[in-house]
Protein chains: 2
Amino acid sequence: MNKKKLTEVLCGAEQLCRKRGVRLTARRRTVFELLCASDKPLSAYKILDRMRVAARNPAPPTVYRALDFLLEQGLVHKLESLHAFVGCTHPEHPHSSQFLICGDCGEVSEMENEAILQSLQTAERATGFKTRHPVVELLGTCAQCAEKHQSG
Amino acid sequence: MNKKKLTEVLCGAEQLCRKRGVRLTARRRTVFELLCASDKPLSAYKILDRMRVAARNPAPPTVYRALDFLLEQGLVHKLESLHAFVGCTHPEHPHSSQFLICGDCGEVSEMENEAILQSLQTAERATGFKTRHPVVELLGTCAQCAEKHQSG
DNA sequence: GGAAAGGATGTTATGTTATAACATCATCAA
DNA sequence: TTGATGATGTTATAACATAACATCCTTTCC
Ligand SMILES: [Zn+2]
Ligand SMILES: [Zn+2]
Ligand SMILES: [Zn+2]
Ligand SMILES: [Zn+2]
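What counts as what
- Residues numbered from 1 in each chain as written.
- Chains lettered and ligands numbered in written order.
- Predicted model: local features only at pLDDT ≥ 70, side-chain atom pairs only at ≥ 80, totals over all residues.
- Heavy atoms only, no water.
- Donors = N, O, S within 2.8 Å, 3.2 Å for Na, K, Ca; no water.
- Tetrahedral: all angles 85-135°; square planar, octahedral: opposite > 155°, others 65-115°.
- Helix = DSSP H or I, 4+ residues; strand = E, 2+ residues; numbered from the N terminus.
- Contact = heavy atoms within 4.5 Å.
- Near = heavy atom within 4 Å.
- Polar contact = N/O pair within 3.5 Å; in protein donor to acceptor, adjacent residues only side chain to side chain.
- Nonpolar A, V, L, I, M, F, W, Y, C, P; charged D, E, K, R; others polar.
- Buried < 20%, exposed > 50% of the residue type's maximum accessible area, 1.4 Å probe, protein only.
- Domains from an automatic or database assignment.
- Salt bridge = Lys/Arg side-chain N within 4 Å of Asp/Glu carboxyl O.

**Q** How should the coordination of the zinc ion (ligand 3) be read in this particular structure?
**A** Around a metal, the ideal angle is 109.5 degrees if four donors adopt a tetrahedral arrangement and 90 or 180 degrees if six donors adopt an octahedral arrangement. Residue and element names in this part refer to chain B. Protein-derived coordination of the zinc ion (ligand 3) comes from His77 (NE2), Cys88 (SG), His95 (NE2) and Glu110 (OE), at a distance range of 1.9 to 2.2 Å. Each of the four donor atoms bound to the zinc ion (ligand 3) contributes to angles spanning 99 to 136°, and the resulting shape is irregular. Motif for the zinc ion (ligand 3), donor spacing along one chain: H-x10-C-x6-H-x14-E. Pair noted here: His95 is in the loop between strand S2 (84-87) and strand S3 (98-102) and Glu110 is in strand S4 (residues 108-111), with a separation of 15 residues, a long-range link.

Written out as structure tokens, the structure is:
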């Protein structure tokens, strides 16, 4: 994400939190910014390392608390299969998304595919299950990396 | 799973491994049996505890190696969102399944829903992504628990 | 301003999940 | 029997996550 876009996203997060009456404190903002600035998902401990550069010796709970807040507000998502976190690309409204995770280059793209959500809902109705949080993560190879393999 | 069914499943796993020319050793068989006998998913360390009862002091790698083998053979599945494992209900053919995970009673049901797989494949084709392993886990409340809440 | 309340953060310790690295043992084929 | 391969044992440590309690900061109300 480039600097301009990053500023926009941060600004949007500020507004969103103000509107909701919750506090995007300095710590929380830092964690969010680090996640958005990274082109790859970051584990809690990676975030911790990057915070050490600026702040003085933060401990794991600092990061996990910030992440809890950001997850609640929908500003970040957790990738269960990677034990890592990514900034959300469109936090304005609550949503369920799906993730394409490339095992080669490590890039992750978030998508919000209606057909997938529909098929999940159909399955739920058939079984009487009430989903609170769907986890959909596709582990594989992205288009760019697949092409490299073919040519390489 | 009742005793008769368990015997069948174990027997089936034996046959499957023989057919594939891989070895379902005592350790691996024990881990598989513990998972199948449990009505809930088990973490690697829960499995370890239950093994301690019989064998003498196994260490984590013992369990993780057995799990790796069983995962490769499709005899068990990993639930990423729970850091836990379940025995597969139909390991005869390779498959991608989805899991309904009840946060109330802890029960997990495995399903193989064609419509969901189709929708995932459609999304892949649209993006050029090649999925090696889809993770679909729905976290929520099962029908029985939902009913209890309503009446309770 | 000062006191009280609630939320956020700091700090220490520990729990939980997973793997690295190397030694030993079992099995099988030549 | 000997060498190759795969499986297991063993020790140590890495990586991920939370409990518990102290302190501080902000807001509100007087
Ligand atoms: Zn999102
Ligand atoms: Zn890639
Ligand atoms: Zn299965
Ligand atoms: Zn339930």
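Having seen it, we continue.
**Q** What is the right way to read the environment of B:Leu34 from this model?
**A** Looking at the secondary structure, you find B:Leu34 in helix H2 (residues 26-37). With near-sequence residues (within four places) excluded, B:Leu34 lies in contact with B:Leu42, B:Ile47, B:Arg50 and B:Met51.

**Q** Sorry, what's going on with the protein's contact with DNA strand C here?
**A** The full set close to DNA strand C counts 17 residues, and A:Thr25, A:Arg27, A:Arg65, B:Tyr45 and B:Lys78 are the nearest of them. Restricting the count to atoms of DNA strand C within 4 Å of the protein gives a sugar and phosphate share of 45%. Here B:Lys78 contributes a side-chain N or O atom positioned 2.9 Å from a phosphate oxygen of DNA strand C. Elements with a contribution of two residues or more to the surface near DNA strand C: helix H2 (26-37) and helix H4 (60-72) of chain A together with helix H4 (60-72) of chain B. Top contributing element to the surface near DNA strand C by residue count: H4(B), with four residues. Taken together, the residues that form the surface near DNA strand C break down as six nonpolar, four polar and seven charged.

**Q** In this structure, what is going on with the environment of B:His95? I would like to understand it.
**A** All names here are of chain B. Under the relative-accessibility criterion, His95 is labelled buried at 18%. Distance from His95 to Glu112, taken between C-alpha atoms, is 7.9 Å for residues 17 residues apart in sequence. Ignoring anything within four residues of it in the chain, the contact list for His95 reads His77, Cys88, His90, Glu110 and Glu112. A polar atom in the side chain of His95 sits 3.3 Å from the side chain of His77. A polar side-chain atom of His95 sits 3.1 Å from a polar atom in the side chain of Glu110.

**Q** Help me out: how do you make sense of the domain arrangement of chain A in this one?
**A** It is common to report an interface's size as the accessible area lost on association of the parts. Residue and element names in this part refer to chain A. Annotation of chain A at the domain level lists domain 1 (3-87) and domain 2 (98-151). Between domain 1 and domain 2, the C-alpha centre-to-centre distance is 23 Å. Contacts between the two partners involve eleven residues from domain 1 and, on the opposite side, ten residues from domain 2. Linking domain 1 with domain 2 are zero salt bridges. For the pair domain 1 and domain 2, the interface holds four residue pairs in polar contact (both at pLDDT 80 or more). Elements with a contribution of two residues or more to the side of domain 1 that touches domain 2: strand S1 (76-79) and strand S2 (84-87). The leading source of residues in the side of domain 1 that touches domain 2 is S1, at three residues. Along the lines of polarity and charge, the residues of the side of domain 1 that touches domain 2 split into four nonpolar, three polar and four charged.

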